[in-house]
Each structure stands twice: as C-alpha cells, then as structure tokens.
4 protein chains.
Amino acid sequence: MVVETFPIRMVESPEQPTPSDALADLYEGFEGEFLIPLWTEIGDLMPAHPRTKARPHLWRWRNLIRLADRAGELVPVGRGGERRAIALANPALGGKPYATPTLWAAIQYLMPGEDAPEHRHTQHAFRFVVEGEGVWTIVGRDPVPMRRGDFLPQAGWNWHAHHNASSAPMAWIDGLDIPFQYVTESQFFEFGRDEVTEEEHATPDRSRSERLWGHPGLTPVGVQAGTGSPLLAYRWVHTDAALRDQLALESEGFRGVVEPGHALVRFTNPATGGDVLPTIRTEMHRIAAGRESSPLREVGSSVFQVFDGAGRVTVGGETWAVERGDMFVVPSWTDWSVSADAGQDGSDSAALDLFRFSDAPIFDALHLYRSEKA
Amino acid sequence: MVVETFPIRMVESPEQPTPSDALADLYEGFEGEFLIPLWTEIGDLMPAHPRTKARPHLWRWRNLIRLADRAGELVPVGRGGERRAIALANPALGGKPYATPTLWAAIQYLMPGEDAPEHRHTQHAFRFVVEGEGVWTIVGRDPVPMRRGDFLPQAGWNWHAHHNASSAPMAWIDGLDIPFQYVTESQFFEFGRDEVTEEEHATPDRSRSERLWGHPGLTPVGVQAGTGSPLLAYRWVHTDAALRDQLALESEGFRGVVEPGHALVRFTNPATGGDVLPTIRTEMHRIAAGRESSPLREVGSSVFQVFDGAGRVTVGGETWAVERGDMFVVPSWTDWSVSADAGQDGSDSAALDLFRFSDAPIFDALHLYRSEKA
Amino acid sequence: MVVETFPIRMVESPEQPTPSDALADLYEGFEGEFLIPLWTEIGDLMPAHPRTKARPHLWRWRNLIRLADRAGELVPVGRGGERRAIALANPALGGKPYATPTLWAAIQYLMPGEDAPEHRHTQHAFRFVVEGEGVWTIVGRDPVPMRRGDFLPQAGWNWHAHHNASSAPMAWIDGLDIPFQYVTESQFFEFGRDEVTEEEHATPDRSRSERLWGHPGLTPVGVQAGTGSPLLAYRWVHTDAALRDQLALESEGFRGVVEPGHALVRFTNPATGGDVLPTIRTEMHRIAAGRESSPLREVGSSVFQVFDGAGRVTVGGETWAVERGDMFVVPSWTDWSVSADAGQDGSDSAALDLFRFSDAPIFDALHLYRSEKA
Amino acid sequence: MVVETFPIRMVESPEQPTPSDALADLYEGFEGEFLIPLWTEIGDLMPAHPRTKARPHLWRWRNLIRLADRAGELVPVGRGGERRAIALANPALGGKPYATPTLWAAIQYLMPGEDAPEHRHTQHAFRFVVEGEGVWTIVGRDPVPMRRGDFLPQAGWNWHAHHNASSAPMAWIDGLDIPFQYVTESQFFEFGRDEVTEEEHATPDRSRSERLWGHPGLTPVGVQAGTGSPLLAYRWVHTDAALRDQLALESEGFRGVVEPGHALVRFTNPATGGDVLPTIRTEMHRIAAGRESSPLREVGSSVFQVFDGAGRVTVGGETWAVERGDMFVVPSWTDWSVSADAGQDGSDSAALDLFRFSDAPIFDALHLYRSEKA
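Overview of the structure.

Criteria and thresholds
- Residues numbered from 1 in each chain as written.
- Chains lettered and ligands numbered in written order.
- Predicted model: local features only at pLDDT ≥ 70, side-chain atom pairs only at ≥ 80, totals over all residues.
- Heavy atoms only, no water.
- Helix = DSSP H or I, 4+ residues; strand = E, 2+ residues; numbered from the N terminus.
- Expected span 1.5 Å × (residues − 1).
- Buried < 20%, exposed > 50% of the residue type's maximum accessible area, 1.4 Å probe, protein only.
- Salt bridge = Lys/Arg side-chain N within 4 Å of Asp/Glu carboxyl O.
- Axes fitted to C-alpha atoms, helices over the stretch in contact; angles between N-to-C directions.
- Parallel < 35°, antiparallel > 145°, perpendicular 65-115°, else oblique.
- Left-handed = near helix turned anticlockwise from the far one by under 90°.
- Contact = heavy atoms within 4.5 Å.
- Nonpolar A, V, L, I, M, F, W, Y, C, P; charged D, E, K, R; others polar.
- Pairing = 2+ DSSP bridges.

**Quick look at helix H3 (residues 61-74) of chain B**
Step number 1: A rise of 1.5 Å per residue sets the reference length of H3(B), with its 14 residues, at 20 Å; its end C-alpha atoms lie 20 Å apart and thus fit the reference within 8%.
Step number 2: Of the residues making up H3(B), those classed as buried are Trp61(B), Asn63(B), Leu64(B), Ile65(B), Leu67(B), Ala68(B), Ala71(B) and Gly72(B).

**Topic: the pattern of salt bridges**
Step number 1: As enumerated under the stated definition, the model contains 120 salt bridges over all chains in all.
Step number 2: For Glu323(B), the salt bridge is made with Arg62(B), and the minimal N-O distance between the two is 3.9 Å. Of this pair, Glu323(B) sits in the loop between strand S19 (318-322) and strand S20 (327-330) while Arg62(B) sits in helix H3; the two residues are 261 residues apart in sequence, bridging distant segments of the chain.
Step number 3: Here Arg55(D) and Glu318(D) are joined by a salt bridge, their closest N and O atoms 3.4 Å apart. Of this pair, Arg55(D) sits in the loop between helix H2 (42-45) and strand S2 (57-59) while Glu318(D) sits in strand S19 (residues 318-322), placing them 263 residues apart in sequence.
Step number 4: Of the residues examined, Arg55(D) reaches a relative accessible area of 17% and is grouped as buried.
Step number 5: Ionic contacts of the salt-bridge type, sharing partners, join the residues Arg206(A), Arg211(A), Asp245(B) and Glu252(B) into one network.

**What to know about the packing of helix H1 (residues 21-32) of chain A against helix H3 (residues 61-74) of chain D**
Step number 1: Across the interface, H1(A) lies against H3(D) with an axial gap of 10 Å and an inter-helix angle of 155°. On the basis of their axis angle, the class for H1(A) and H3(D) is roughly antiparallel. Considering only the axes of H1(A) and H3(D), their crossing is left-handed. Across the interface between the two elements, Ala22(A), Leu23(A), Leu26(A), Gly29(A) and Phe30(A) from H1(A) touch Leu67(D), Arg70(D), Ala71(D) and Leu74(D) from H3(D).
Step number 2: Partitioned by chemical class, the residues of the contact of H1(A) with H3(D) number seven nonpolar, one polar and one charged.

**Structural notes on the pairing of strand S8 (residues 142-147) of chain C**
Residue and element names in this part refer to chain C.
Step number 1: Within S8, five of the six residues are buried, leaving the element largely enclosed by the surrounding structure.
Step number 2: In this structure, strand S7 (residues 133-139) lies alongside S8, joined through six bridges in antiparallel fashion. Residue pairing in the sheet places Ile138 in a bridge with Pro143 of S8.
Step number 3: Between S7 and S8, which pair antiparallel in sequence order, lie two residues; one of them, Gly140, sits at a positive phi of approximately 55°.

In short, geometric facts, not functional conclusions.
Listed below in structure tokens is the structure:
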C-alpha cells in the first residue's frame, strides 16, 4: 500500500515560526516521517470551546414521509440491506449519513406484511413513533407493539427483527449511536435467523418486557437485567400523564417542571434509574401553549422530533416554524430554544411536545458534560 | 458512677486452660482491668453460622386488631408518645420491642379525625395497609392516601405526620430499622410542628410524589431524589398486576417467576433501581394456589404479613396455618417456606399473597449477605 | 421452651395515657400477645441524638502487657480457644467482651515458636503492632511479617494463622467487627488445617501481597482483588513518611493536614481507594508537639491506641494523660479531642501518634454518618 | 452558506434495489433533502467487527529525536503555538495529527531555560519520559520533576506549564485524547498566566502531589481528589520494582504475571483504584528475555513506546524489530504481540519494557470493551 505524505502548512503569522528554508526542510522531514506539529494545528484542534463541524438543520416530516412512501414501492427489505431506513445526513458532515458527529437518525418504513430480518449489533438503538401503528419489533423473540407516542429502546447486542402485521405501511424513526461507534471503532454486527417464525408473528398487546418491568417501582426478582433498559416499550399514555402532571403541579404552586411552562421527563432504565441506553439519552419535552424554553448550550449533540403541536425553534441563530414530525439537530455547544404557539383558547392541548435524543450519557460517564445558559 | 466488674467463667474443658489458683489470679486480674479472654467466649461469639437470639413467632391479626381497637379507646395520640403504635416483641429478645434483632414491626391505629403529630427521625420507615383506608400520611407536606394493599416507604429524616380524614378508625403496619439504629447508636429524632395545617388536611387521590415519580421508567428531570425512594406510595393495583403477569408468563412458558408457582416483586427506588430504603428491603410474594416455596435460609431477618389468601408457613421447625393479616418473623439463618392452600376451583384468587420486609440491604452493602437452599 | 411475658410499665406522666384499670387490662392483653407499645418506650428508643450505652474508658498498656505476659505462661494456644486474645470489655456494656457496641479490641500474645491454628470467619479483622516483632501472620498461605508500626488488615473469610518465629514473645492488638456481626447475626466461622506447614513457617521479609499491591498507584493486572484490601501490610516506614510530609507541607504553607498541627492518613484499599475493610475504618493521626485537635462528635464508635509520644485525651468529659500503648474508646456521638505534650525542644519527635479504628464504613454505606464540631 | 448535496451511489448488486429511473428519481429526492439510505452504506457502517481506518505503523525514536532537536533550533515556544510538540500522524488517517482515531501521541521538546506557557484544557493528558531529565511540569502550581521512566498524568482542566531548569534540552512524549474530544466535540481550552513565576521555577525533588498521595495504600484525609489521579508522578523506581516482583513471584511458583514471562502493571488513581485518567489507560509491560506475549485483539486502540530492551513486535501482520524509544500503534481489533530478544546470559536486564496507553476506559465506561485471543 502506498501512503501519501501529508503536507505541513507553512504560514506567516506572529504565532508561527518564521518561514525559512531551514523550516521548510524541517517540515519536509516531518512529512517523511508522518509527523505533524502541534503549532500549526492547535487553533482548530484545541479551540476555546467546542466548535462543531455539524450545522443546525431541519427536515420536514412531509418530505421524509413522502420519500419513505416512495422507497416503500421501489426498495425491497431483506438480508444485506437489512432495513428500509433513510438517514438524516447533516449537510455539514461531508456526505456521511450522520445527523450529528455521534448520532444516527433515520426514518424507517415497513410495508404491510413485510418482515425486516433478524440481526444484532453493538450499536445501541431505539425507535420512536410519531404516527401510525401495526408493526411489532421483536427483541430477543419478544414481540413489542409500536404505536403513536411509544418509545422503544433496544440496547446493543440484542437480536431483533420487525414485522408489519397490519394492512397499511408504517413509518417510525430510529436513533442509534452508529457514528460514535464507527469513529471509535467499537462496533460488531451479526446476522440472525433469516426465517421469521410463527412466534415472532405474534401480536400481543403488551410485550413480555412490559409485563415484567413496566410496573412503576416494582422489580421482578426472578429475572436479571442486562446492559441497557430491560423495559422495551415506554407507552405514550404514561409519558403524556407524566408531562401533564408536571404542568398541573406547576399550576398548583409545586415543583416539578424544569423551568416555567416546560415539563420534561427522561426515559430511564428501571433497573438502574439511569439513562435507558449507555450512549443515548432520550427525553420528552412539553412546552405549554405560548411559553418558551430558556436558551441553553450543552456539550454534545441532539436530534429532536416534534411529536405534537406547533411552535418555533431557534438553533444557533436559525429559526424555524415547526409542526408534527419535523426533525432538527442541535450540534454541540450551540444555543437552542423552543417556543410553543399560543393556543387559540390557551388550552393545554396546544402544547408543543418534543421528543429528543442526545449523546449526553457519553459525556456524563467520562466527566466531560457541561452546559451553560446562553 | 460505680461500675461492676465482670466475672470470668473458669470451666473444666479440653478446650480451656487447666483451672488453677494461678489461673484464678489471672482471671481476677482481667476482671480488675475490664478484660475478657476470647477463649472463654468464642463458642457463643463466633459460631459456625448465625445462631439467632430471636425465635420464630406468629402474631394473629385478629388479636392485633382487637388490642389496637381497645388502645384506640384508651390511649390518646399526641406529642411525646407520638404514635399509637404497638410493637411486635420477639419472645426471645428479652422484653425489647423488637420483632427481630434489627427490625421493628408495629400495628398503628388512628381514630376518625385524629392527627399524629409531625416529627422526623433517621430511622427508615414504611407503612403497609392490610385493610381499611381513610388515613393520609403527610411526608414533607405531601399528603399520601393509604389504602388496602398500598406500600408507603418513608426514608429517614423526612418530616411526617398522619391524619385520619375518615369517619372510621384505621389500622396499618409500620416497619422501621429502630433496633438496628439503636444498637449501632446512629439515630436522631426531631419534633416538627405541633399544629397540623389546612394544607396537611388535604385529601388528594394521589400524592405529589406519585405524580412526579409514579410513571413507569419516566424520571422527572426538574426534581432531585434524596436518600431513599422519592416515590411515596406503591399502589396495590400495580403490585397485583405485576404478580399476575409473572404467573401468567409462567403459564405461557416464559421466565418471570422466581420458582415454579412463586411470583415475587421487589419495591424499588425508581431513582436507583435499588432497594426502596437504605436498610430495609420490601417485597410482595404470591404463591399460586396449591403451590409452595422452596425452603431457604438467609443471613438477616424478616417480618412477613399475610396480605391475602390462606396457607401454611414453616419457620425453623414451627408450622402455622395463616390467614389475612397474620404476621410472623423469620430470624437469621433460619429455614422458611410457605405454601398456599389449594383453591376450591384452582383459581388464581386462592393464591397466598405475602408482604415481606427484611434487613437485607445492610448485608448487601457490607458484603455479608448469604443464602442457602435448606 | 417456656417464654416469659414482658411487663409493660404503667407510669403517671403527662405524655402517657392516664393509668386506669382498663389500661392495666389493655397492657395485660399486650403482654399475653408479646406486644409492647411505642409510647412507653420512645424516650429511650428514639432519642434526639445517639445516647450511647457505652462509656469512655482507658486501658493502660502496662496493665495489658503485664496480664498478657502472665496469660502466655498459663494459657495454651490451640484449636478450640483458637487465639490467646484478651478483649477490652467496655465497663458499661454489661460484661460483654465489646470495646464498643460494634467493635472488638484485644491484645493478642504469642510465645516463641507458638502457632495459632488456621481458621476463617466473616468477621473483618486487622492487627496493629505497637511494639515488638517476630510473628508472621499467614493469610491465605502468604506469610506476612509483623513489626512495630505495621498495620495488617485481613478481610473476612480469608484463612489465617499466626506463627512466632522468634525467640521472644510478641504482643499486638486485634480489631474486629465481632459485636456488629453478632448483633446483626451475620457471622460464619470455619476451622482450617490443624497442622501448620513448612510453607507457613517461611519468614520472608515482605509478603507476596506487598510485592503485588504495595507499589504506590500501581495495580497488578494479572490478579483480582476480592472484598477488602488485597494489601496485607501497611508498613510504618510509609505511614510515618506520609504523616511527616503532611506536617512539612503545612509548615511550607501548603494544604495537607486536616487541621493545624494535625496530620491524618487513612489506610485504604488500593483496588478501590475506599476503606480497607467493609465495616472498619483505620487511620493514623499525628498531633504535632504542643498542638491539639478540635473537639468533634461523630456517629459511630472508635478505639484508639497511642502509638508514640505522650499527651492528653479528653472523651465525653473525662481526661487522661496517655503514653505509648494506652488504649481508649470514644462512644458514638461523644466529644473527643487529643493534645500532644510540648516537646522539650519543640522537635517533631515529640509528636503524639494515635492509631484509630472505627465503624464509620457501616454508616457511610447506609447514609447514616454525621459529625459535628463539639 | 451553500451546502453541496451528497450523491447516492446506485450500484448493481443482489443486496441493492434494482437500478431504474424511478430509483434514480428517488435517490435524487434523497439528495435534495440531505438523506442517505442505510442500504447503500451498511457494509462500511456496520461491519461484523471493527474495521479500523488506521493502520499499524512504527516511528523510530532516532528519527523523532533528530527532528525534535532540529525543531528546538528553529521553532520557538510561546503563547499561541503553546508547545513544541510534534505529533505522530497515522499514515491512514488522512493527514490528521492522530496516532489513532482517538489518541494523540507526540514528542515534546524543551530547550535549556525555556518555559512552555500555562494553559488548561479538558483534554486528558500525560507525559512519559524515555530518556533525559531536567524539566519540571507545573500542574496547578505544583512543580513535578520529570526523569527517565517516570509517568506523569494530568487530568483535564488543570492549569499546567513546563520549565526546563537544566542546561540541556529534554524530550518526552505526550499522550492525550485530543482526537476523541475533537470528534465528539467536547473540548474546552483556556490560556493561563503568561509570566512564569518564581514559584513555578522551583525544582523540588518530589512534587507536593507525591508527598500527599504517593504513599502506598495511604490516603490523606485533609485533601480532596478531583477527576483523574491526584498523584502527578509515578516514578520509575516503583514501576520497575513492581514488574520485577511479578516476575520473581512467577519464578517462585506464585501468581502475579498476566501470562508466562509477561509482567504487567497498570497506573491507577489511588483515590479510586481505577484508571488514572477518565479516557486513557496506561500500563507498563515487561516481557522477560526470550519470551513473548500471546496474540490478542481488543476493541480500542493503543500507542506503545519501547522503554528499554529490544525485541520484535507484530501488529496486524506487520513485524518490526524495535529498540529503546521506538513507538508504534495498534489499531482497534488488530492482533498484536511482542517478544523480547533472548539475553546473552538469560539475565533479567534483557527484558523488553513497553509503555502503553490506550482508550480502553471509554469502552469500559460505555460497556463496549471486548477482547479475543487472536
């Protein structure tokens, strides 16, 4: 293999050594030995604060769903391609299918009766359903129904397949830490059974994981939890109730919300109380009608999807009006805030609900997390 | 203060030094200096396995409730006595009000309209309701309704009072680590406000703690949990569903129960996934009709209360027929097993439900827990 | 077994129910059912702060060593009695061989050539040597030399024996959590091999544990640590240097001491950085000549031994002049302070060195620790 | 800002949708919306096991030192460039100054009397000295001498500067997690004082950190440790003794080494027993003369420097003869093994000593670490 050398940039600057023939010789010496000096690179490498390569961007749900519908017609699902998933590619990340430098976000689509074949991988994953129903995701042979508002985590290295048991197509979003594991080179992948069994085509109303782990504060002593949450579905009925309770407590004068008019629940692992996945944090935000969140910047990046309502989003200087299904990214150390449109009658139903996922657990685990009011 | 010396026992035994005048002189020397040799004590002090000072004992609910009713008539509740609580005193613990060497168990009783005054203490506590309703326990000014089947933890150093808002008396059981903190000399106690306020007489259907922490797998980001569970009530409807689900999974051929016919859930802290209190483990067992648990012995002691059904209990060689409300203790390293009477029709309704609390978290934390199939 | 009932005390007091025949009947009913009301017991059971049953006491080393010498002549060491150990019995603990409610402290003594037979127990233990040398403690077949100033932890359930390889008797102190495990009923004990092997009579200068774990900040990757410290000897040369360094840093104007003139190091488990034993904390204090520590009270109890120097000790109102080898106890929530005599020339050599062990890890693990400046 | 769209590759393959005009339209639709399908990317993105972008490479110390010497003459050290550091640039990483995808490795060089100015950054760092002495690294105003064989960690966000107090130049290597924090966008950087003070020019024989934390198993109670090791220097005398002890134990028949002839110590944080830095693991390997290590592959990447001795290294199919100072990288999931040349007389002095650093703590913290015998 022939490997090219890397040219060292010699620039005239008060912070750089004075250009000279001798310096050019030295730099040539560096090049020949695959060496690069810090002093020519430090400005980009070690900035005063994170200077993201990504950029804020908004994807409209109507476009996502239109293209997914069309892919449903043209692109088969099967072994090799594995999933009919279409990834959000951050416009500033050079053509990589990365929503942010660490996170993958995609719309996945399954036609009536279709199966996505079984596989497993170390990449941590989840599904979130902004509309529709009819698909069961089968994790470790436990069929888990997916419906509007449901959040479905699936920790790395669990076997999983999907099955559309209904007579209509269904779309949902997938979030994974693919870019993080790609860049840190830690990922494994294995094919499972090609044939989807009768058992996997079962369509129970609740997964077995929910029957074991879905009772609040109650742990089944007879089973062991592994890495990541053993609870495979967080149902909208609970998420909605938790958000409603926070705003009601606020109106009664009690603590609960994270800031005025802003309810926030985190999806957590019932076996540990911590994040639902080792590398991905997931949350549901509710901004009351006519209210807004305080601008904030944080280490790490996020992807949001509007679950319900309408409002305005500001990310790093860009502002968009958003509605159901729209997705946007907040890169690292970029100011963001959201506001909910005022309801016609000030009713709670006009709240803006936002699903969010981020890479925060990575920074928590490594003592690198920071945040700042913008 | 005059302190008596402690006589050293001189005995003739192959494992003891030969009695002699010189030895008597030596022992007298020990006595004068408050010294005691290991060799005369080791048999009791360092046994091959725990040799409990407590003994198995059963208290009948009909007797407990009868005496509590009578105490309701004769004994007022107020500052100083603090609570109309009557403790189970293990017959082998020398007149101490201890159910076991580490655990306190009592029946508490409140007459219509009565208040038990506010106080706080480092002793960790919980309430469990075998029958009745109408009392609100007020923890940190959050009124928590108490009803049949509910488990209500209350970690140390939280202000709390009780209020009977109904027109009938109500009884429930209290569990605390009073003996443990007494013997390790770590307890603090403080009186709160004497007057019970309007706010504390509120009778909401759900406590604020449940509105914040009672949604499965969902953590409120705007509040912080302290030591012990922030969830102040674990409702019977959930506990019952969790147990029913485990037995149903078993009958469908899936894992879930701890052993055949034996469902088991642990009440856990949603903020950590661990025990609900730092020193007390609490669980609900359901033995299916006609089934029995395997005999087991464990480090640490437990108190059980029959919540529902009827069956037989064997503890350390004693066997009792038990029914709703009956309470019994299992001392450390003592074999225990339970069996449910066969239902008339084999129906699930004939299951034996047992609430249990134990000191297991102490031994877990200090790496001293052990168990063994008997 | 006939069990006596426990009489309930009926007293006339504003905080107690009014004495009456009906109340006497009720109390008799309690007695018959092994029940004890809270309201007659709460004052003792749930005090405002720990009210220790133990009392401060001082044991003079000259008396301890004199009696141990005599026991060396009269009392053989062997299977059954196991150890020639003489325990400090707190004068207020009713003739139990307990220094405090949770801690055992004893002087142990071995004659030239003697072996103490192998056994193991769940009780956590350590040895500390105030004077002498010549004994090897053999832990898991690793012979560990014991010399003046050395601290030797030995976590529960490790096989151990002792061997005096010298031509003189040797004494040292043992500390264990015997009372704690006794009262919580969690202790196990097992006899080992009766014959002490050639291997165990080896007298290496350093134990194998020190060769693996005794290099600062360096972990041997090829071995696993269990519960408790894998380092079996903490040598005086290191302890002394660490204390000297702290006082030198103080004199140079840098942080290091816990308070002016008071250096303090904790013996810690190199595999975790935490306490050396799950239930026992051990420390060495050095009070510079002429300086004193601030009075403090803490949850939990301690035993101290003067390692070197002379000074005065105040515990709960009692004050003693102390010198090398003297031992004293500080009960829970009892004020204590120590002061070092002024050196003739103000030299460092006149410092007061105090070895201390306590039950603090129990309270740390269970979130019950508190302290307060007295 | 104009952002280019990313072309989707349409390929003819059994695992890809059949090329067609309709498909081309769909792909064009994707491009217009910044979307990329999984099915065209999955082969590279989600491989069966890590397929590293990096490659094994060896840098000869004689070349590194020659170029560093020359840089010493031509390149000043000062604010802006910050350090005269020259990074190893993995030939397969496209001209980035990264030794591996997560790790930075550089030779740093300071001329007699020179100061490198104070700054701090969240990137975790260490220094390791393969030869020379005379520089003090000043961490939080604590001057730490650097000498052959010393390992000097410096956790993120500590102020630090360097000072050459000798009359000769000195070189050493720096390791940091710059690439990891760069790609995850979590890094902060701040300039410190420009002027180096008198205090910072102090040249004590031991740092204050060593006086506080460098005593084996002894924790100073008066100071608090932050994130990362509070011990700022791990001296060669200790590392060498630990390795020598392991090999001696092996020859005596006891456990200690990780495999026959292979001693291994890990530099650990004395306050936790864990890795010395949150993102970087550091170790010293000693392969006895004539012995070799078993081939291994692991998740994550490493950089090695030969500290002493001579031998052969095999990484992913490439084999090099190595000697003092030579550096090489082992990419993720790439087989590696090392062997020490046979000594002339089989003496221990012919052992091969290898310093290694890796990104393993990242994968440990996130449950992504795996290894496999090759």
